[in-house]
Amino acid sequence: MGTYLATGIVQQIVIPKEKPLRYDISVEMIIEGLRKELDINCYQYSEDADDYIWKINPKVLECNLGDFLEAQFQMYTKKECPYMKETIVKVKESTTGDQLLELAEQSEVINFQVVDCLYNHINIVRPDGFDFNIVAHYKLISFFLDGKIIMECYGNIFNYFEKNIRLQRAQYPIVDCVKVMITS
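Residues numbered from 1 in each chain as written. Predicted model: local features only at pLDDT ≥ 70, side-chain atom pairs only at ≥ 80, totals over all residues. Heavy atoms only, no water.

Visitor: Would you explain the side chain of Ser 94 in this entry?
Guide: Structurally, Ser 94 is set in the loop between α4 (82–93) and α5 (97–106). Apart from residues no more than four positions distant in its own chain, Ser 94 is found in contact with Gln 99, Leu 100 and Leu 103. (Helix = DSSP H or I, 4+ residues; strand = E, 2+ residues; numbered from the N terminus. Contact = heavy atoms within 4.5 Å.)

Structure follows, in structure tokens:
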């Protein structure tokens, strides 16, 4: 395998409770840190004994996702790619968010599949002014998986990519759930 650059829609975020609890970091502080990364209102919050968990609301995926992916694919390459066309057809055939999540989990199409084992740090600022980086585990519905890639110091360029994608917010609200990450 290898390490790849993954661009996609965040399906799930899991943050282990251990460090936040040890440093008196509340769920509200974590949510504020996540707000800087994506539109946290698109996610349903839950928790278990070990983790804080946010999962995308399936309804969010039902808003012109096929058109959004088609626009991304057109910006990505000028030539027609059969596998990108196949992705658009399958996404547009899926009429509910749950069907779209199932399609991504099945990994039937190259440009719409779940990529797991992605980690990023969320910066949390406590009321006393100290800030902490909390590890967040992401599950992404990847629409681009490019590689193999080896990079150091990539945070700023990824933020730039995400901000450029989010310029399409008025037409495609799903952009507020997009992340660019390196797989492991």
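After presenting the structure, the write-up continues.
Visitor: Would you mind showing me how to read the pairing of strand β3 (residues 51–56) here?
Guide: Moving residue by residue along a regular strand, the side chains alternate between the two faces of the sheet. The element β3 is extensively covered by neighbouring structure, given that five of its six residues are classed as buried. Strand direction decides the pairing type here: strand β1 (residues 4–16) and β3, joined by five bridges, are antiparallel. Considered in β3, the bridge of Ile 15 is made with Tyr 52. Where strand β2 (residues 43–47) lies against β3, five bridges are found, and the strand directions are antiparallel. From the neighbouring strand, Ser 46 faces β3, where its bridge partner is Ile 53. (Buried < 20%, exposed > 50% of the residue type's maximum accessible area, 1.4 Å probe, protein only. Pairing = 2+ DSSP bridges.)

Visitor: Sorry if this is basic, but what is going on with the packing of aromatic side chains here?
Guide: Here the distance between the centres and the angle between the planes together describe a pair of aromatic rings. Inspection of every chain in the model, using the stated rule, returns eight aromatic pairs. Pairing Tyr 23 with Phe 132 gives two aromatic rings, centres 4.7 Å apart and planes at 35°, and the pair type is tilted. Placement of Tyr 23 in the loop between α1 (18–22) and α2 (27–35) and of Phe 132 in strand β5 (residues 131–147) is noted, with a sequence separation of 109 residues between them. With a relative accessible area of 30%, Tyr 23 lands in the partly exposed category. Each ring, one from Tyr 45 and one from Trp 54, has its centre 5.1 Å from the other, and the planes form 50°; the classification is tilted. Residue classification places Tyr 45 among the partly exposed positions, given a relative accessible area of 35%. One aromatic cluster is present, formed by Phe 68, Phe 73, Tyr 76, Phe 143, Phe 144 and Tyr 172 through successive ring pairs. (Phe/Tyr/Trp six-rings, centres within 6.5 Å; stacked < 30°, edge-to-face > 60°.)

Visitor: Even after reading the chapter, I still don't get the pattern of salt bridges, so can you show me in this structure?
Guide: Once the charged atoms of two side chains with opposite charge are near each other, the side chains can pair. Under the criterion given, the structure shown has 13 salt bridges. When salt bridges with common partners are traced through the structure, they connect Glu 37, Glu 162, Arg 166 and Lys 179 into a single cluster. (Salt bridge = Lys/Arg side-chain N within 4 Å of Asp/Glu carboxyl O.)

Visitor: Please clarify how α5 should be interpreted in this entry.
Guide: In an α-helix there are 3.6 residues to a turn, and that puts residues three or four apart on one side. Buried residues of α5: Gly 97, Leu 100, Leu 101, Leu 103 and Ala 104, and no others. Along the long axis of α5, the arc covered by the buried residues comes to 160°, so they all point the same way. Buried-residue contacts for α5 involve β1, β3, α3 (65–76), α4, β4 (113–125) and β5. (Arc of directions from axis to C-beta.)

Visitor: Sorry, what's going on with the environment of Ser 142 here?
Guide: Residue placement: Ser 142 occurs in strand β5. On the accessibility criterion, Ser 142 (1% relative accessible area) is buried. Along the primary structure Ser 142 and Val 115 are separated by 27 residues, whereas in three dimensions their C-alpha atoms are 6.3 Å apart. Not counting residues up to four positions away in its chain, the partners in contact with Ser 142 are Ala 6, Thr 7, Gly 8, Asn 111, Phe 112, Gln 113 and Val 115.

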